[in-house]
Amino acid sequence: MGEMIKVTMPKWGLSMVKGTVNDWVVDEGDEVEKGQELVEIETDKIANVLESPGEGVLYRIVAQPGEVLPVSALLGVITQGEVDEAELESYIAEAQAAAAAAAADEAPDPLTINRRLDWEGLTIRYLDSEEGERPLICLHGFGGDKNNWQFNLAALAPNRRVLAPDFPSHGDSTVSAEHSSPLAYAKMVSAMIDQLELGQVDLVGHSMGGLVALLVARESPAKVGALTLLAPAGIGTEINAGYVDGFATANSRNELKALAVQLFADKEMVSRQMVADLLKYKRLDGVEGALVQLAGTLHSGGKQSEDLSSVAQSVPTKIFWGKADEILAVSNCAQLSGVDVEQLECGHMAHMEAADVVNKHLT
Amino acid sequence: MSLSESKLLQAYRKMRQIRAFEDRVHDEFATGEIPGFVHLYAGEEASAVGFCMHLNDEDRIASTHRGHGHCIAKGVEINGMMSEIYGRRNGTCAGKGGSMHIADLEKGMMGANGIVGAGPPLICGAGLAAKFRKNGAVAIAFVGDGGSNQGTTLESLNLATVWNLPCIFVAENNGYAESTGSKWSVSCENIADRAAAFGMPGVVVDGHDFFAVYEVAGEAIKRAREGGGPTLIECKLNRYYGHFEGDAQTYRGVDEVKKVKESKDCLMLFSKRVTEQGLLTQAQLDAIDKEVAAEIEASVEHAKSSAKPTAADLMTDVYVSYP
């Protein structure tokens, strides 16, 4: 059995992903040299002739004129020496399978799509990895958005389905003061589980998102498997009310920077871009009013409004808490018994600051 | 002008490395594994090597979108370049630049450049720095015939004379700005003729002939090092591949490239001359060909098996603080 050389759909230019096979310039059975013109290929921008990648006999034409095929798809096979038909067939099948797998790799990452669903007349934006079992919904904190899970979603997606919504008045979802409370957000999550037919889900909630997760578990216990809470609100009574109220009303770069550094143990993690994005969000119409109202539901008189420790004790729950948390002090869980609490060397943003530990648990 | 045996071997090796590198990237790009865009330098090797053989790491060069040859000639490491073109983390620029942005300041390579005509202003800065530092360094900008028509190039020619900078402007005229013929788009017979308007010497040289380029380059670089100011040099040469990979080149004549390869190929001319004059043996050249082929093969394997940048790498290398 001699050598076999694949003739494949080339990549030409900057943006070519597929090409149309036009006429073959040589026939099956013709001898060809390296560099000899083989087949005309056309794309949106380019019409050119593919040159032979090697020397031999064009033993088999696989792609027929008119076919549209992705880059690297098998177009034909050049052989040198004796040919074993069975081996040739399996060679072609293998090459086509490899090309199909490569094409699948090129498909857009489902997590990059900004999806939408409607809830009570609002548009809720969310990310969804689409594939996989054991759906996990990731719930961001006060003033955050779905992109706070940037270090987690892609890492978890190979092992399970992950989803991350923007709560109303956050991220790209509709701003609505009326729908801005932890209880309203819990209803939204419950509606999301129904609309997307997710069945029972696990929830991971950060800060206010942790409180929302506890509320979903309390209101709709059948829909919730396990909870993972990252520096959650709703456990204990301590809260940095100055941060919450300050964030709701801050409208300059300097104010936001001074607040954002309180989120991280390593202050260097606060980038210019992060502050610029927060400022852009804070300047959206209606956001400030909605956040002020939301802040009012989270604390009164400097203490948290609601303690849901009993919910955490009734559902399989794991809590991660940063020892250097300046927003919700780790001492909030001091009195909590019967729940697995792991303290970490980080600030308020465990999912970013200690992503590996959190991801390992969530996998 | 005479070159030692080791210099001759070095020149041949560099030219062969560039040719083998570009031929291989041509094949690999077509498989779709290389992201972005590549423009190949094959056919023009004598120009990059003829100039860079005179340079040390203190000297700076600025390149073009067709920059692989200049990188190799200036001493940028080949494995790093191949990884860079493949977008890998161990590439020259951590896989973030790709073909058109390979830069290696330690080697004095200020960068390939996606902007046509962007190199000349850069070397005016490098030339001014060398002048202030009095370190005897020179700066060279390679531009194409298209780049030679850009305002940036013409302004730089003026500035270099006004400030008497140690700069050399090399117009690599391969006959086409993308698909537009230079015979049509360049206003004068020779790009080098424009030098007179800026009060500097202008020289035309056959860019297929390494020895001719090396000699002309040596004179200009010596003059610049000694405070004699800038020079404009036009290398007339040919590119073997299209403007970009996939270019159908319908603007070129039938067998145009074939004829050039048969009659003016820079590696062929070099080999013929050194063997006929008994300066090197064919066996020496064959040995280099073999070593370079293995080196390029290894660089492709190395690149393909290297890791890609991670999401966290996005936030690094965005700003640089110069000392």
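Bear in mind that the values here come from a model prediction, so they are computed numbers and not experimental data.

J.: Before we move on, could you go through the overall build of chain B and cite the residues and values that matter?
T.: Assigned secondary structure in chain B consists of 11 helices and 7 strands. For chain B, whose C-alpha radius of gyration is 19 Å, the value lies close to the compact-globule estimate of 20 Å for 323 residues. Dimensions of chain B along its principal axes, counting C-alpha atoms only, are 55 × 50 × 40 Å. In chain B, which comprises 323 residues, the proportion classed as buried is 52%. A separation of at least 24 residues holds for 74% of the contacts in chain B among residues at least 6 apart in sequence. As displayed, chain B has an accessible area near 13900 Å², and 54% of this comes from carbon and sulfur atoms. Counting 33 positive and 42 negative side-chain charges, chain B places the centres of these two groups 3 Å from one another.

J.: Can you lay out the overall build of chain A for me, pointing to particular residues and giving the numbers?
T.: Counting secondary structure elements, chain A contains 11 helices and 18 strands. Scaling as 2.2 N^0.38, a compact globule of 363 residues should have a C-alpha radius of gyration of about 21 Å, whereas chain A reaches 28 Å, well beyond that. Viewed in the frame of its principal axes, chain A has a C-alpha envelope of about 85 × 45 × 40 Å. Evaluated residue by residue, chain A yields a buried proportion of 51% over its 363 residues. Pairs at least 24 residues apart make up 66% of the contacts formed inside chain A by residues separated by at least 6 positions.

J.: Before we move on, can you summarise the packing of helix α1 (residues 5-30) of chain B against helix α4 (residues 78-85) of chain B with the specific residues and values?
T.: Residue and element names in this part refer to chain B. Direction vectors running N to C along α1 and α4 enclose 20 degrees, while the axes themselves pass 12 Å from each other. Between α1 and α4, the angle is such that the two are roughly parallel. Pair α1 / α4 crosses with right-handed handedness. In this structure, α1 uses Gln17, Phe21 and Val25 to contact α4, whose residues at the interface are Ile78, Met81, Met82 and Ile85.

J.: Before we move on, can you summarise the pairing of strand β4 (residues 37-42) of chain A with the specific residues and values?
T.: All names here are of chain A. Pairing of strand β2 (residues 18-24) with β4 involves 3 bridges; the strand directions are antiparallel. In the strand pairing of β4, tryptophan 24 is matched with valine 39. Bridge analysis of β4 against strand β5 (residues 47-51) gives 5 bridges, and the strand direction is antiparallel. Bridge assignment links valine 39 to a residue of β5, and that residue is leucine 50. In this structure, the hairpin formed by β4 and β5 is closed by a connection of 4 residues.

J.: Tell me about the nonpolar core, residues and numbers included.
T.: Soluble globular proteins tend to pack their nonpolar side chains together in the buried interior. Residue and element names in this part refer to chain A. Ile137, Phe142, Val189, Leu203, Val212, Leu227 and Phe247 are the most contacted members of the largest nonpolar core, which totals 69 residues. The biggest single contributor to this core is helix α4 (residues 208-219), with 8 residues. In this structure, phenylalanine 142 is in contact with His170, Met208, Val244, Phe247, Ala248, Leu291, Leu294, Ala295 and Leu298, ignoring residues within four places of it in sequence.

J.: An account of the interface of chain A and chain B is needed here, citing residue identities and associated values.
T.: The interface of chain A with chain B comprises 14 residues on the first partner and 16 residues on the second. Considering only the surface of chain A that becomes buried against chain B, A:Lys11, A:Gly13 and A:Leu14 emerge as the three largest contributors, covering 44% of it. Counting across the interface, chain A meets chain B through 1 salt bridge. The residue A:Lys34 makes a salt bridge to B:Asp27 at a minimum N-O spacing of 3.6 Å. Remark: the boundary between chain A and chain B carries 6 residue pairs in polar contact (both at pLDDT 80 or more).

J.: Which residues make up the packing of aromatic side chains, and what are the values?
T.: Enumeration over the complete set of coordinates arrives at 11 aromatic pairs over all chains. Summarising the aromatic geometry, the rings of A:Phe142 and A:Phe247 are spaced 5.9 Å apart at their centres and angled 65 degrees between planes, so their arrangement reads as edge-to-face. Here A:Phe142, found in the loop between β11 (136-139) and α2 (153-156), pairs with A:Phe247, found in helix α5 (residues 241-249); they are 105 residues apart in sequence, far enough to count as distant. Side by side, A:Phe142 and A:Phe247 carry an identical accessibility label, which is buried. Joined through ring pairs, the aromatic side chains of B:Tyr12, B:Phe210, B:Phe211, B:Tyr214 and B:Phe270 make up one cluster. One residue, B:Arg273, lies across the ring of B:Phe211, its end atom 4.0 Å from the ring centre.

J.: Please provide a residue-by-residue account of the sheet that holds strand β14 (residues 224-230) of chain A, values included.
T.: The strands making up a sheet associate through hydrogen bonds between their backbones, and the pairing can be parallel or antiparallel. Residue and element names in this part refer to chain A. If you walk across this open sheet you meet the 8 strands as β9-β10-β12-β11-β13-β14-β17-β18, and the pairing is mixed. The strands lining the two open edges of the sheet, one partner per strand, are β9 (115-119) and β18 (340-344). Strand-to-strand twist of the sheet, defined as the mean angle between neighbouring strand axes without regard to direction, takes the value 25 degrees. Pairing analysis gives 5 bridges linking strand β13 (residues 201-206) to β14, with the strands arranged parallel. Considered in β14, the bridge of valine 204 is made with threonine 228. Against the sheet, helix α3 (residues 182-195) makes contact with β9, β10 (122-128), β11, β12 (162-165) and β13, and its axis sits at roughly 115 degrees relative to β9, the strand it touches most. Running over the sheet, α4 touches β11, β13 and β14 and is turned about 160 degrees from β14.

J.: Got a sec to walk through the pattern of salt bridges? Specific residues and values, please.
T.: Between side chains of opposite charge, pairing is possible as soon as their charged atoms come close. All names here are of chain B. For the structure shown, the criterion picks out 33 salt bridges over all chains. Glutamate 291 serves as the salt-bridge partner of arginine 13, at 2.8 Å between the closest nitrogen and oxygen. With arginine 13 in helix α1 and glutamate 291 in helix α11 (residues 282-304), this pair connects stretches of sequence that are 278 residues apart. Accessibility expressed as a relative area gives 28% for arginine 13, which makes it partly exposed. Relative accessible area serves as the criterion here: at 43%, glutamate 291 is assigned to the partly exposed category. One salt bridge connects glutamate 297 with arginine 24, and the closest N-O pair in it is separated by 2.7 Å. With a gap of 273 residues between them, glutamate 297 in helix α11 and arginine 24 in helix α1 connect regions that are remote in the sequence. Note on glutamate 297: relative accessible area 34%, which makes it partly exposed. Salt bridges here are not isolated pairs; linked through shared partners, they connect Arg24, Glu28, Glu33, Glu297 and Lys304.

Rules behind the numbers
- Residues numbered from 1 in each chain as written.
- Chains lettered and ligands numbered in written order.
- Predicted model: local features only at pLDDT ≥ 70, side-chain atom pairs only at ≥ 80, totals over all residues.
- Heavy atoms only, no water.
- Helix = DSSP H or I, 4+ residues; strand = E, 2+ residues; numbered from the N terminus.
- Rg over C-alpha atoms; globule rule 2.2 N^0.38 Å.
- Buried < 20%, exposed > 50% of the residue type's maximum accessible area, 1.4 Å probe, protein only.
- Contact = heavy atoms within 4.5 Å.
- Areas by Shrake-Rupley, 256 points an atom, 1.4 Å probe, with all protein chains shown as cover.
- Lys, Arg positive; Asp, Glu negative; His and termini not counted.
- Charge placed at Lys NZ, Arg CZ, Asp CG, Glu CD.
- Axes fitted to C-alpha atoms, helices over the stretch in contact; angles between N-to-C directions.
- Parallel < 35°, antiparallel > 145°, perpendicular 65-115°, else oblique.
- Left-handed = near helix turned anticlockwise from the far one by under 90°.
- Pairing = 2+ DSSP bridges.
- Core = buried A, V, L, I, M, F, W, Y, C linked by side-chain atoms within 4.5 Å.
- Buried area = accessible area lost by both parts, 1.4 Å probe.
- Salt bridge = Lys/Arg side-chain N within 4 Å of Asp/Glu carboxyl O.
- Polar contact = N/O pair within 3.5 Å; in protein donor to acceptor, adjacent residues only side chain to side chain.
- Phe/Tyr/Trp six-rings, centres within 6.5 Å; stacked < 30°, edge-to-face > 60°.
- Lys NZ or Arg CZ within 6 Å of the ring centre and 35° of its normal.

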